[in-house]
Amino acid sequence: QAQLVESGGGSVQAGGSLSLSCAASGTIFRFNGMGWYRQAPGKQRELVATITRGGNTNYADSVKGRFTISRDNTKNTVYLQMNSLKPEDTAVYYCWGNIGAAYNYWGQGTQVTVSS
């Protein structure tokens, strides 16, 4: 059974940085798409950034220029470097991995809190 195990997250002041990582555990499959989503209280879960196996990236407009997604295919790990954090970035961040159209995996979520 494939699982995604996240690390990172925490509380920082506005303008600070955090780095998240997410590694696949218990699987021999290589994820196709990987990425990060986030969900703030009272809001829907939204895409933050995704990256394909080939390294093609996609970012939400709200994080472009501030966040960088990367992955290590040999480790089945995806990273999210978050710089210039804003209070509006406060949310629970979820790692996502896709093997096939019907096979989406989610991490447990990690809290990111950005204070003014």
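Residues numbered from 1 in each chain as written. Predicted model: local features only at pLDDT ≥ 70, side-chain atom pairs only at ≥ 80, totals over all residues. Heavy atoms only, no water.

**Q** What am I meant to see in the packing of aromatic side chains here?
**A** Each aromatic ring pair is described using two quantities: the centre-to-centre distance and the angle formed by the ring planes. Considering all chains together, one arrives at three aromatic pairs under this definition. Taken together, a centroid distance of 5.9 Å and an interplanar angle of 75 degrees make the contact between Phe31 and Tyr105 edge-to-face. Separated by 74 residues along the polypeptide, Phe31 in the loop between strand 3 (18-25) and strand 4 (34-39) and Tyr105 in strand 10 (residues 103-106) bring together distant segments of the chain. A relative accessible area of 23% places Tyr105 in the partly exposed class. When the centroid spacing of 6.0 Å and the interplanar angle of 70 degrees are considered together, the rings of Tyr37 and Trp96 count as edge-to-face. Of this pair, Tyr37 sits in strand 4 while Trp96 sits in strand 9 (residues 91-100), and the two are 59 residues apart along the sequence. Take Trp96: its relative accessible area is 14%, and that puts it in the buried class. Lying over the aromatic face of Tyr94, Arg45 brings its terminal NZ or CZ to 3.8 Å of the ring centre. The lysine or arginine in question, Arg45, covers the ring of Trp106, its NZ or CZ lying 4.7 Å from the ring centre. (Phe/Tyr/Trp six-rings, centres within 6.5 Å; stacked < 30°, edge-to-face > 60°. Helix = DSSP H or I, 4+ residues; strand = E, 2+ residues; numbered from the N terminus. Buried < 20%, exposed > 50% of the residue type's maximum accessible area, 1.4 Å probe, protein only. Lys NZ or Arg CZ within 6 Å of the ring centre and 35° of its normal.)

**Q** Just to check I follow, could you spell out the pattern of salt bridges for this structure?
**A** In a structure, side chains of opposite charge can pair up when their charged atoms sit close to one another. According to the stated counting rule, one finds four salt bridges in the structure shown. Between Glu46 and Arg38 there is a salt bridge; the shortest N-O distance is 2.8 Å. Glu46 gets classed as partly exposed once you look at its relative accessible area, which sits at 31%. Given the relative accessible area of 5%, Arg38 is considered buried. (Salt bridge = Lys/Arg side-chain N within 4 Å of Asp/Glu carboxyl O.)

**Q** Teacher, can you tell me more about the sheet that holds strand 7 (residues 67-72) here?
**A** Paired through backbone hydrogen bonds, the strands of a sheet run either parallel or antiparallel to each other. One open sheet accounts for four strands, arranged 1-3-8-7; its pairing is antiparallel. Strands at the two margins of the open sheet, each flanked by one partner only, are strand 1 (3-7) and strand 7. In this sheet, adjacent strand axes meet at a mean angle of 15 degrees when their direction is disregarded. In the sheet, strand 1 pairs with strand 3 via five bridges, with the strands oriented antiparallel. Residue pairing across strands places Val5 opposite Ala23, the latter belonging to strand 3. (Pairing = 2+ DSSP bridges. Axes fitted to C-alpha atoms, helices over the stretch in contact; angles between N-to-C directions.)

**Q** Just to check I follow, could you spell out the state of the cysteines for this structure?
**A** Following the criterion strictly, the structure yields one disulfide and no others. The disulfide partner of Cys22 is Cys95, and the gap between their sulfur atoms is 2.0 Å. Since a negative S-S torsion denotes a left-handed disulfide, the Cys22-Cys95 link at about -90 degrees is left-handed. Remark: Cys95 occurs in strand 9 and Cys22 occurs in strand 3; sequence separation between them is 73 residues. A residue is classified by how much of its surface remains accessible, and Cys22, at 0% relative accessible area, is buried. (Disulfide = S-S within 2.5 Å.)

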